[in-house]
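Report on the structure
Single-letter residue listing:
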Amino acid sequence: MVEITELGWNHFFQQQLVETDPSCKPARVVRQDMNQYHLLSDDGNLIGVIPGRVRKAALSKADLPTVGDWVVYSHIEGAEAGTVQIEKCLDRKSKFSRKEAGEVVDEQIVASNIDTVFIVSGLDDDFNPNRIERYLLLSWDSGANPVIVLNKADLCDNLEERLKELESIAMGAPVHVMSALDKAGTEVLLNYVKPGTTCAFMGSSGVGKSTLINLLLGYERFATGAVRDDDSKGRHTTTFRELVLTESGAMIIDTPGMREIQVWADSASLSQTFEDIEEIAIHCKFNDCQHNQEPGCAIREAIENGSLDRERLDRYYKLKREVAHVESQQTAAARAAKKEERKRFSNKVRKLPNKRD
Ligand SMILES: Nc1nc2c(ncn2[C@@H]2O[C@H](COP(=O)(O)OP(=O)(O)O)[C@@H](O)[C@H]2O)c(=O)[nH]1
Ligand SMILES: [Mg+2]
Ligand SMILES: [Zn+2]
């Protein structure tokens with residue numbers, strides 16, 4: 001049986017219980033199956049259901065529990081043993097969100113209360129700096145620390161080139177090269193997978209997230225394999241998010257690949273992701289410089305002398321437009337909530353050293 005402190009319970013969550021009915025107890029969401037939540041508590045494994053009134057009170061899907069969340073539950077009279085009622089979802093200490101796929105402008109929380117986000121990318125043909133940048137943007141927004149994992153080193157013959165390309169993108173996030181297949185270089189991940197902490201693996205389908213997690217766990221907990229060829233729908237091996245406990249007492253969240261990483265972040269996180277560009281722009285002669293034809297434009301100069309990559313600048317503009325769109329569609333209430341969150345999260349995010357210093 002686990003103690004909740006071993007699941008990451010701390011003062012931040014404890015203080016939220018002040019006004020809660022003392023008969024309610026906390027539990028952590030480890031998996032969601034439609035309307036059923038698999039919970040872990042010091043009462044062991046439980047199934048949590050959400051009563052209609054809690055569902056109705058939620059203004060957005062983001063107000064409902066997700067994997068990694070802490071909830072408080074009560075017992076349901078006459079219910080099957082192990083089935084409980086979720087009374088509320090506690091405030092999150094961090095959360096990794098994306099914009100829901102499609103036209104709706106709403107937040108989808110992929111994982112919450114995480115300390116580390118592993119952004120996994122394959123060093124094979126899947127390698128895509130643009131995708132890594134997007135994950136970084138969402139990570140800087142999450143309140144958790146990003147770590148870039150470049151897997152499948154065994155399939156890469158231009159490592160130096162790729163590392164060089166990443167250098168200007170990582171913005172202080174650590175970068176680790178490994179091969180899960182050869183079990184080479186993977187031990188470094190143990191430095192982040194510490195007792196009482198939670199990490200989440202993000203990245204496209206097939207990059208090796210589940211393989212890496214199985215290695216860390218020491219047994220084949222998750223099914224692995226590329227996109228199934230025999231399935232015309234192209235379904236992926238990992239289809240749901242799930243939190244598992246390691247033997248050392250750390251928590252790991254596996255996620256299925258996201259086909260679309262639509263941005264759900266604010267301009268502060270954008271500035272953090274593209275700190276290099278914003279630092280150059282400070283030196284433009286006009287402080288409202290559009291970096292077009294203005295005289296004394298430091299951005300144009302940086303492109304010309306090769307210290308700034310044109311493609312990175314283009315990706316910055318594209319993400320800036322996406323962030324502006326999300327921000328413009330958000331209600332004033334959502335923006336205020338975001339500001340509160342930022343205050344909370346910023347206590348956690350340590351300022352990483354700028355590699356360019
Ligand atoms: N060559 C090579 N293949 C790997 C490596 N890591 C994982 N794979 C393979 O890539 C495929 C997808 O791995 P999986 O862990 O299911 O990826 P996920 O979708 O990110 O969870 C599997 O066939 C793995 O055996 C690696 O480092 N090198
Ligand atoms: Mg997987
Ligand atoms: Zn300029």
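It should be emphasised that the depicted structure is a prediction, and the values quoted were computed from it without experimental measurement.

1. Overview of the overall build of the chain
Of the regular secondary structure elements, the chain holds 10 helices and 13 strands. In terms of overall dimensions, the chain is globule-like: its C-alpha atoms have a radius of gyration of 21 Å, near the 21 Å expected for 357 residues. Referenced to the eigenvectors of the C-alpha coordinate spread, the extents of the chain come out at roughly 75 × 50 × 40 Å. Among the 357 residues that make up the chain, the fraction classed as buried is 35%. Restricting the contact set of the chain to residue pairs at least 6 apart, pairs at least 24 apart contribute 66%.

2. A look at the nonpolar core
Counting residues in each nonpolar core, the largest one holds 76 residues, and the members touching the most others are Val 71, Phe 96, Val 117, Phe 118, Ile 119, Ala 200 and Met 202. With six residues, the single largest contributor to this core is helix 3 (residues 129–142).

3. A look at the environment of Met 251
Structurally, Met 251 can be placed in strand 13 (residues 251–254). Among the residues examined, Met 251 registers 25 C-beta atoms within 10 Å and is labelled buried. For Met 251 and Gly 48, which are 203 residues apart along the polypeptide, the C-alpha to C-alpha distance reads 20 Å. Residues contacting Met 251, with those up to four places away along its chain left out, are Leu 7, Gly 8, Thr 198, Leu 243 and Leu 245.

4. Digging into the site of ligand 1
Taken together, 22 residues lie near ligand 1, and Gly 208, Lys 209, Ser 210, Thr 211 and Thr 224 sit nearest. No other element matches the three residues that helix 5 (residues 209–217) contributes to the shell around ligand 1. Tallied by class, residues from the shell around ligand 1 come to five nonpolar, 14 polar and three charged.

5. Here we look at helix 5
Listing the buried residues of helix 5 in full gives Lys 209, Ser 210, Thr 211, Leu 212, Ile 213 and Leu 216. Looking at the residues trailing helix 5, positive phi occurs at Gly 218, about 85 degrees.

6. Concerning the packing of helix 3 against helix 4 (residues 159–170)
The N-to-C vectors of helix 3 and helix 4 enclose an angle of 25 degrees; their axes lie 10 Å apart at closest approach. It follows from the interaxial angle that helix 3 and helix 4 lie roughly parallel. Every pair of crossing elements has a handedness; the one defined by helix 3 and helix 4 is right-handed. Listed contacts from helix 4 to Pro 129, Ile 132 and Glu 133 of helix 3 are Glu 165, Leu 166 and Ile 169.

7. A look at the confidence of the model for the chain
Looking at the chain, the pLDDT average stands at 88 and 93% of residues meet or exceed 70. Scored below 50 in pLDDT, residues 229–235 makes two contacts in the model with residues more than four places away or belonging to other chains. Counted against residues more than four places away or in other chains, residues 348–357, with its pLDDT under 50, gives 13 contacts.

8. Overview of the pairing of strand 8 (residues 116–122)
When a strand is regular, its side chains alternate between the sheet's two faces. Here strand 8 lies mainly inside the structure; seven of its seven residues are buried. Handedness of the strand 8-helix 3-strand 9 (residues 145–151) crossover: right-handed. With four bridges connecting them, strand 8 and strand 11 (residues 198–202) associate as parallel partners. What sits directly across from Phe 118, in strand 11, is Phe 201.

9. Side note on the domain arrangement of the chain
Domains assigned within the chain are domain 1 (4–89), domain 2 (95–254) and domain 3 (267–346). The centre of domain 1, based on its C-alpha atoms, is set 27 Å off from the matching centre of domain 2. With 13 residues of domain 1 in contact, the opposing surface of domain 2 contributes 18 residues. Class assignment of the residues belonging to the side of domain 1 that touches domain 2 gives a composition of five nonpolar, four polar and four charged.

10. A word on helix 3
Helix length check: helix 3, at 14 residues, gives a terminal C-alpha distance of 20 Å against a target of 20 Å (1.5 Å per residue), a fit within 8%. Summarising burial for helix 3: 11 of the 14 residues are buried, a large majority. Looking only at helix 3, the buried set comprises Ile 132, Glu 133, Arg 134, Tyr 135, Leu 136, Leu 137, Leu 138, Ser 139, Trp 140, Asp 141 and Ser 142. At the exit of helix 3 stands Gly 143, carrying a positive phi of roughly 90 degrees.

11. Notes on the environment of Ser 248
Within the secondary structure, Ser 248 sits in the loop between strand 12 (242–245) and strand 13. Note on Ser 248: 12 C-beta atoms within 10 Å, which makes it exposed. Residues Ser 248 and Val 193 lie 55 residues apart in sequence; the distance between their C-alpha atoms is 8.7 Å.

Conventions we followed
Residues numbered from 1 in each chain as written. Chains lettered and ligands numbered in written order. Predicted model: local features only at pLDDT ≥ 70, side-chain atom pairs only at ≥ 80, totals over all residues. Helix = DSSP H or I, 4+ residues; strand = E, 2+ residues; numbered from the N terminus. Rg over C-alpha atoms; globule rule 2.2 N^0.38 Å. Buried ≥ 20, exposed ≤ 12 C-beta atoms within 10 Å, placed from the backbone. Contact = placed C-beta atoms within 7 Å. Core = buried A, V, L, I, M, F, W, Y, C linked by C-beta atoms within 7 Å. Near = placed C-beta within 6 Å. Nonpolar A, V, L, I, M, F, W, Y, C, P; charged D, E, K, R; others polar. Axes fitted to C-alpha atoms, helices over the stretch in contact; angles between N-to-C directions. Parallel < 35°, antiparallel > 145°, perpendicular 65-115°, else oblique. Left-handed = near helix turned anticlockwise from the far one by under 90°. pLDDT = per-residue confidence, 0-100. Right-handed = clockwise from strand over helix to strand, strands pointing away. Pairing = 2+ DSSP bridges. Domains from an automatic or database assignment. Expected span 1.5 Å × (residues − 1).

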